[in-house]
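The residues making up each chain are set out below.
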Amino acid sequence: MSAKKAFSDISRTVSGLTSEIRREFSERVSHIGSRVEDLMAEVMAKVEKRFGNEDEHVIFRALPEPAELGMTLSDVLRARATQRTFSDEPLSDQDLSTLLWAADGINRPNGRRTTPSALDWREIDIYVLKANGIWRWVPEKHGLIFCHLDDVRSETILAEPTLHIAPVHLVFVADKAKTDTFLSRLGTKVAAKVRHESWSVEKLEEMRTRSMIIDAGVKVQAVYMAATAMGLSCVARTGFDREKVESLLRLGSEESAVAIATLGYRPNSILDAFR
Ligand SMILES: Cc1cc2nc3c(=O)[nH]c(=O)nc-3n(C[C@H](O)[C@H](O)[C@H](O)COP(=O)(O)O)c2cc1C
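The notes below deal with the structure included here. Everything quoted here is computed from the prediction, not taken from an experiment.

**Let's talk about the site of the ligand**
Next up, step 1: Arg-80, Ala-81, Thr-82, Arg-84, Glu-160, Tyr-224, Val-235, Ala-236, Arg-237, Thr-238 and Gly-239 make up every residue found near the ligand.
Next up, step 2: In this structure, an oxygen atom belonging to the ligand sits 2.7 Å away from a side-chain N or O atom of Arg-80.
Next up, step 3: Interatomic distance of 2.7 Å between a side-chain N/O atom of Arg-84 and an oxygen atom of the ligand.
Next up, step 4: Within the complex, the protein chains bury 53% of what would otherwise be the 610 Å² of accessible surface of the ligand.
Next up, step 5: With three residues, the top contributor of residues to the shell around the ligand is strand 6 (residues 232–237).
Next up, step 6: Across the shell around the ligand, the residue classes tally to four nonpolar, three polar and four charged.

**Looking at the pairing of strand 7 (residues 255–265)**
Next up, step 1: By the criterion of burial, strand 7 is predominantly enclosed, with ten of the eleven residues buried.
Next up, step 2: In terms of strand pairing, strand 5 (residues 168–175) meets strand 7 through eight bridges, oriented antiparallel. For Leu-170, the partnering residue across the bridge sits in strand 7 and is Ala-261.
Next up, step 3: Pairing analysis gives six bridges linking strand 6 to strand 7, with the strands arranged antiparallel.

**Here's the deal with the packing of aromatic side chains**
Next up, step 1: On inspection of all chains with the given rule, the structure shows one aromatic pair.
Next up, step 2: Above the ring of Tyr-224, the side-chain terminus of Arg-80 is found at 4.7 Å from the ring centroid.
Next up, step 3: Above the plane of the ring of Trp-135 lies Lys-130, whose end atom (NZ or CZ) is 5.4 Å from the centre.

Quick notes on the rules
- Residues numbered from 1 in each chain as written.
- Predicted model: local features only at pLDDT ≥ 70, side-chain atom pairs only at ≥ 80, totals over all residues.
- Heavy atoms only, no water.
- Near = heavy atom within 4 Å.
- Polar contact = N/O pair within 3.5 Å; in protein donor to acceptor, adjacent residues only side chain to side chain.
- Areas by Shrake-Rupley, 256 points an atom, 1.4 Å probe, with all protein chains shown as cover.
- Helix = DSSP H or I, 4+ residues; strand = E, 2+ residues; numbered from the N terminus.
- Nonpolar A, V, L, I, M, F, W, Y, C, P; charged D, E, K, R; others polar.
- Buried < 20%, exposed > 50% of the residue type's maximum accessible area, 1.4 Å probe, protein only.
- Pairing = 2+ DSSP bridges.
- Phe/Tyr/Trp six-rings, centres within 6.5 Å; stacked < 30°, edge-to-face > 60°.
- Lys NZ or Arg CZ within 6 Å of the ring centre and 35° of its normal.

Laid out in structure tokens, this is it:
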């Protein structure tokens with residue numbers, strides 16, 4: 001098929017879908033007010049379904065406003081490095097807030113984030129593993145939903161003894177179901193109709209997989225940069241048993257654990273690393 005013919009096919013298909021776009025847009029506008037509460041209820045229902053509600057007395061923990069980071073971008077870029085030694089001191093809510101805001105904070109009235117995502121899918125969920133259990137970050141509420149009391153931090157570590165001391169691990173989970181948006185469906189419909197070799201359903205699927213990994217990666221880098229400005233130790237990790245971590249988090253079939261960022265204060269003395 002010539003490029004010209006493909007282009008005219010695409011134009012025809014897209015214009016045929018215009019009324020669908022208008023309808024979806026007006027539905028979205030009318031729902032926008034109740035969206036945050038709906039979303040919160042949805043996340044809570046999901047968490048309860050997976051983890052049960054045996055600890056229902058602790059459900060949501062609001063985090064403080066993120067702190068201002070004073071280091072210049074040039075200095076952050078000069079100083080960023082992986083640090084694998086930690087103090088076992090728990091990370092303060094203030095520092096956790098600043099890290100999570102850097103990774104996935106809402107920085108505009110339209111709900112968009114401090115880090116980009118393909119087609120604005122916002123499909124990366126962040127789970128926080130601490131001594132007091134598993135939590136899930138809720139950017140719309142700038143806080144954490146409690147999931148489960150177990151301390152599973154060590155189970156995410158393969159063969160790196162110093163990481164057992166770290167107080168916090170952020171697990172970046174790609175939820176493929178969230179990539180099934182109107183725009184993605186439109187792209188797939190066009191691809192199915194046009195049947196152009198550069199825009200096939202298979203190629204779109206491959207782009208989707210690639211995008212989800214990058215979307216997690218940009219969050220990892222944002223965490224590295226914030227940690228640098230805050231003087232924290234940080235290690236990005238893909239070295240973990242993915243299936244095990246997914247089972248610890250009771251993830252569904254459309255969700256996958258892509259990366260972990262391990263964080264904490266720098267050790268006070270060399271002995272901290274061997275405690
Ligand atoms: C995608 C990714 C996966 C990584 N996985 C691990 C890991 O499993 N364990 C680990 O100790 N470091 C891991 N690292 C950290 C790298 O080893 C580290 O970034 C690299 O050695 C360069 O050092 P630097 O970050 O100080 O520049 C990972 C880094 C990235 C970006």
